[in-house]
Amino acid sequence: MGTSQAQKNVFTLVIDPGHGGSDPGKARQSRHLAHEKDVNLAIALKLGQYIRQNLPSVQVIFTREKDEYVSLEDRVELANRKKADCFISIHANASNRAQVQGTETHIYSRSQAASLRLATLIEEELRARAGRPSRGILDARERGQNLYVTQYTRMPSVLVETGYLTHPKEEAYLNTANGQALIASALFRALRSYCQGGIPPENRQRYYRVQVLATSRPVDVKSKYFDDLDEKVVEIINPASEAYRYKYLIGHEFEIERARALQKKVAQRGFKDAFVVAFEE
Ligand SMILES: [Zn+2]
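Worth saying up front: this structure is predicted, and the values here are computed from it rather than measured.

> I'd love a proper account of the sheet that holds strand S8 (residues 233–237), names of residues and values included.
Here we have four strands laid out as an open sheet, ordered S8-S9-S7-S10, and antiparallel in their pairing. Each edge of the open sheet carries a strand with a single partner, namely S8 and strand S10 (275–280). Taken pair by pair, the neighbouring strands of this sheet meet at an average axis angle of 45°, ignoring direction. Here strand S7 (residues 206–215) runs beside S10; their pairing, made up of six bridges, is antiparallel. In the sheet register, Tyr208 faces S10, and the bridge partner there is Ala278. Contacts between helix H9 (residues 256–268) and the sheet are confined to S7, strand S9 (246–253) and S10, with S7 contributing the most and set at about 25° to the helix.

Structure, rendered in structure tokens:
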């Protein structure tokens, strides 16, 4: 009984250091400094270390622990397959204006209560613990686009931008062991509060897609027919008894309004009969 009780209390956290391998993220501005991928990894590894030392009930899974390329699809697939309780992606930002600096935490939607709570704790701790200027929380609507990892993960998820590598002072800070340790410590404290403080419910079991085509014969999802959609097309094959059994869908939204907006967009691009379909995990 004791063992099953302990297992039940394990909280699984996926830590996702952004970029890696052939994808450097924001490239370093001088050869004395690190690429974004290496800054992300250093902070992520420290965060994992703090959690393993201080929160033994939290199981940590990394999407990468070394300098290697991992696709966004594989990062999300790992977190979904492990049925993680929480997903945190670590990045550093860039701007074409050198004076822009500060941290940002990105979430799918402010209506996702658990993600919003974690993002709030992270921005607070980055300001209080690490003394970073906070630029606040942004969701996909405010940003004007989805981020793959916060869109497709089926658990509360955040993407933290730990600072701007295009701001010389912030880049220097993010390159120091002390700066990385303070950022990791702030993220650790936010996650500790999140795990201990009662996590609000967040429904990511139900999601919405837009069906753009149904046919009796299969169509290549990479077909030119879908070119104008600029969205990944997913094929769903229904039983042979159904006449138009090959269904082609796009999008993955947790809010119906966002799915309707996508439907409207593709209707303007010629897919006039497109409609929204709800899915339940
Ligand atoms: Zn990045």
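> So what's going on with helix H2 (residues 36–54)? Which residues, and what values?
Counting along an α-helix, one turn takes 3.6 residues, and residues three or four places apart therefore face a common direction. For H2, spanning 19 residues, the distance from its first C-alpha to its last is 27 Å, which sits close to the expected 27 Å at 1.5 Å a residue. Regarding H2, the residues found buried are Glu36, Lys37, Val39, Asn40, Leu41, Ile43, Ala44, Leu47, Gly48, Tyr50 and Ile51. Buried residues along H2 sit against strand S1 (11–17), strand S2 (58–62), strand S3 (86–93), strand S6 (157–164), helix H7 (168–174) and helix H8 (177–196).

> Which residues make up H9, and what values do they have?
Between its first and last C-alpha, H9 extends 19 Å over 13 residues, near the 18 Å set by a 1.5 Å rise per residue. Among the residues of H9, those classed as buried are Arg258, Ala259, Leu262 and Val266. The arc that holds the buried residues of H9, viewed along the axis, is 100°, so those residues lie on one side. Among the exposed residues of H9, those pointing more than 90 degrees away from its buried face are Lys264 and Gln268. Looking at the packing, one finds that the buried side of H9 touches helix H5 (140–143), S7, S9 and S10. Looking one or two places after H9, you find Gly270, whose phi comes out positive at around 105°.

The rules we used
- Residues numbered from 1 in each chain as written.
- Predicted model: local features only at pLDDT ≥ 70, side-chain atom pairs only at ≥ 80, totals over all residues.
- Heavy atoms only, no water.
- Pairing = 2+ DSSP bridges.
- Helix = DSSP H or I, 4+ residues; strand = E, 2+ residues; numbered from the N terminus.
- Axes fitted to C-alpha atoms, helices over the stretch in contact; angles between N-to-C directions.
- Contact = heavy atoms within 4.5 Å.
- Expected span 1.5 Å × (residues − 1).
- Buried < 20%, exposed > 50% of the residue type's maximum accessible area, 1.4 Å probe, protein only.
- Arc of directions from axis to C-beta.

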